[in-house]
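Below, each chain spelled out in residue letters.
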Amino acid sequence: MKVPLLDLAAQFRTVEAELREAIDRVLVSQQYVLGPEAQALEAEIAEFCGAKHAVGVSNGSDAIVAALMALNIGPGDEVIVPAFTFYATAGSVERVGAKPVFVDILADTFNIDPDAIPDAVSDKTRAIIPVHLYGQCAEMDRIMAVADRHKLAVIEDAAQAIGAEYNGKGAGNFGNAGTLSFYPTKNLSAIGEAGMVLTNDAKLADELRCVRLQGQTSSYEHARLGANFRIDGIQAAALRVKLSWLNQWNENRRKHAARYNEGLQNSVVITPPVNEACKHIYHQYTIRSPKRDKLRAHLNDAGIGSGVYYPIPLHLQPAFIGLGYKRGSMPVAEQASEEVLSLPVFPEMTAEQQDYVIETINQFK
Ligand SMILES: *Cc1c(COP(=O)(O)O)cnc(C)c1O
């Protein structure tokens, strides 16, 4: 049997007819950039996430850049980010000319350690970007308390967490803004590139719309620095189709996760603990094992796909070497990068496929 890490072809079979119809609608309308599909998507995503405003952008990385720009964060400013996340969380900070300051993570949830944030705050700190890694929210109560105390903005990187909740409230609604990615492997995926910024602040929403449109306030009048961060009409139409399936897809992921938790409880791997305040949507189901690489090879030999997110923590990435961090400075993130392994948890995975993954892991000593 073969079990891929993600089976996008299976998803395509579910939505193919609807997708073709949606693309056709855009072709006929000729509204390829922003337009009615993008507007409708923004309203639907805002509603889905429980946010007042949603601003469609080009991708999840630009969503972070746009949020930073709209908050006027730039050269001379510092922004706190977890050391264990995808490159774009910190890369976006450097793209606006600000400096990322890394903070270690919690060993159980892999999210930023709220207690470690105060030590990273300086008189230049302007914002914190917590990441809701793998689909589970960071500890937003404690993070917001630190942010309030130090008067810092908060941008939640919710690229992996659309539909996740913390104390019953949707990811992306705790800080000034929340950013989403619709990269093809994400829980809600475009048929190309797209992203979104959520906010409950009407003024910030206006600023974001201005930033994504070259800083334009009226035709060819540019009030501020902006860029082309516009969302594409075909992507918006495709995303509207898939959004109608997202609750069911996220529920399937949660069922698979519960089944893994049970099936792997006597194995040698550590299953992912869930913070009781969180509704986890399992963008990834990530186990840990000190023998991660051997386990991965064992799965690979059995025809089972797996992923390592992420093998190098950001403070040790060549791209950020100039920031001066050394190995040993973020021990929890460093250990996680050596031990994490994400298993297939895609919504369409069958019970037979999952049983095979569980059996194969239980054979591993
Ligand atoms: C995917 C992802 C991004 C970037 O999104 P793109 O749409 O690929 O630009 C940013 N942060 C995290 C945590 C992500 O997983």
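Our structure's up above, just so we're on the same page.
Let me begin by describing the structure that accompanies this report.

Along its length, the protein chain carries 11 helices and 14 strands. Its C-alpha atoms give the protein chain a radius of gyration of 20 Å, near enough to 21 Å, the size a compact globule of 365 residues would have. Expressed along its principal axes, the backbone C-alpha trace of the protein chain runs to roughly 65 × 55 × 35 Å. Split into buried and exposed, the 365 residues of the protein chain put 57% on the buried side. Pairs at least 24 apart in sequence give 72% of the contacts found in the protein chain among residues at least 6 apart. A total of about 15300 Å² of accessible surface is found on the protein chain, and carbon and sulfur atoms cover 50% of it. Averaging the coordinates of the 34 positive side-chain charges in the protein chain and doing the same for the 43 negative ones gives two points 2 Å apart.

Further remarks concern the site of the ligand. Contacts to the ligand come from 13 residues, most closely from Gly60, Ser61, Asp157, Ser181 and Lys186. At 3.4 Å from an oxygen atom of the ligand is found a side-chain nitrogen or oxygen belonging to asparagine 59. Separating an oxygen atom of the ligand from a side-chain N or O atom of serine 181 is a distance of 2.7 Å. Against a free-state accessible area of 380 Å², the protein chains account for coverage of 92% of the ligand. Under a 2 Å grid-point criterion requiring more than half of the atoms, the pocket assigned to the ligand is the largest pocket. Going through the elements one at a time, α3 (60–70) and α4 (87–95) are the ones with two or more residues in the shell around the ligand.

Here we take up the layout of surface pockets. Its volume calculated, the largest pocket comes out at about 520 Å³. As for the largest pocket, its lining consists of 29 residues, of which Gln160, Tyr183, Thr185, Lys186 and His283 are closest to the centre. Broken down by secondary-structure element, the contributors of at least two residues to the lining of the largest pocket are α3 and α4. Considered class by class, the residues forming the lining of the largest pocket number 14 nonpolar, 11 polar and four charged.

Now for helix α1 (residues 8–29). The sharpest bend along α1 reaches about 65° and sits at valine 15. The complete set of buried residues in α1 reads Ala10, Gln11, Val15, Leu19, Ala22 and Val26. The elements touched by buried residues of α1 are α2 (35–49) and α8 (233–263). Two or three places before alanine 9, at the start of α1, stands the capping residue aspartate 7, its side-chain oxygen 3.3 Å from that residue's backbone nitrogen.

Next up on the list: the pattern of salt bridges. Tallying each qualifying case throughout the model produces 16 salt bridges. Between glutamate 44 and arginine 240 there is a salt bridge, with the nearest N and O atoms lying 2.8 Å from each other. Separated by 196 residues along the polypeptide, glutamate 44 in helix α2 and arginine 240 in helix α8 bring together distant segments of the chain. Given the relative accessible area of 28%, glutamate 44 is considered partly exposed. Residue classification places arginine 240 among the partly exposed positions, given a relative accessible area of 26%. The residue arginine 254 makes a salt bridge to glutamate 251 at a minimum N-O spacing of 3.5 Å. Here arginine 254 and its partner glutamate 251 are both found in helix α8, three residues apart, which amounts to about one turn of the helix. Accessibility expressed as a relative area gives 28% for arginine 254, which makes it partly exposed. Residues participating in the shared-partner salt-bridge network are Arg25, Glu37, Glu44 and Arg240.

What counts and what doesn't
- Residues numbered from 1 in each chain as written.
- Predicted model: local features only at pLDDT ≥ 70, side-chain atom pairs only at ≥ 80, totals over all residues.
- Heavy atoms only, no water.
- Helix = DSSP H or I, 4+ residues; strand = E, 2+ residues; numbered from the N terminus.
- Rg over C-alpha atoms; globule rule 2.2 N^0.38 Å.
- Buried < 20%, exposed > 50% of the residue type's maximum accessible area, 1.4 Å probe, protein only.
- Contact = heavy atoms within 4.5 Å.
- Areas by Shrake-Rupley, 256 points an atom, 1.4 Å probe, with all protein chains shown as cover.
- Lys, Arg positive; Asp, Glu negative; His and termini not counted.
- Charge placed at Lys NZ, Arg CZ, Asp CG, Glu CD.
- Near = heavy atom within 4 Å.
- Polar contact = N/O pair within 3.5 Å; in protein donor to acceptor, adjacent residues only side chain to side chain.
- 1 Å grid on protein atoms, 1.4 Å probe; cavity = no way out; pocket = protein on both sides within 12 Å on 5 of 7 lines; lining within 4 Å.
- Sits in = over half its atoms within 2 Å of the grid points.
- Points joined across faces, edges and corners; volume = space filled by probe spheres on them.
- Nonpolar A, V, L, I, M, F, W, Y, C, P; charged D, E, K, R; others polar.
- Bend = angle between axes of the 7 residues up to and from the residue.
- Salt bridge = Lys/Arg side-chain N within 4 Å of Asp/Glu carboxyl O.

Structural measurements only, silent on function.
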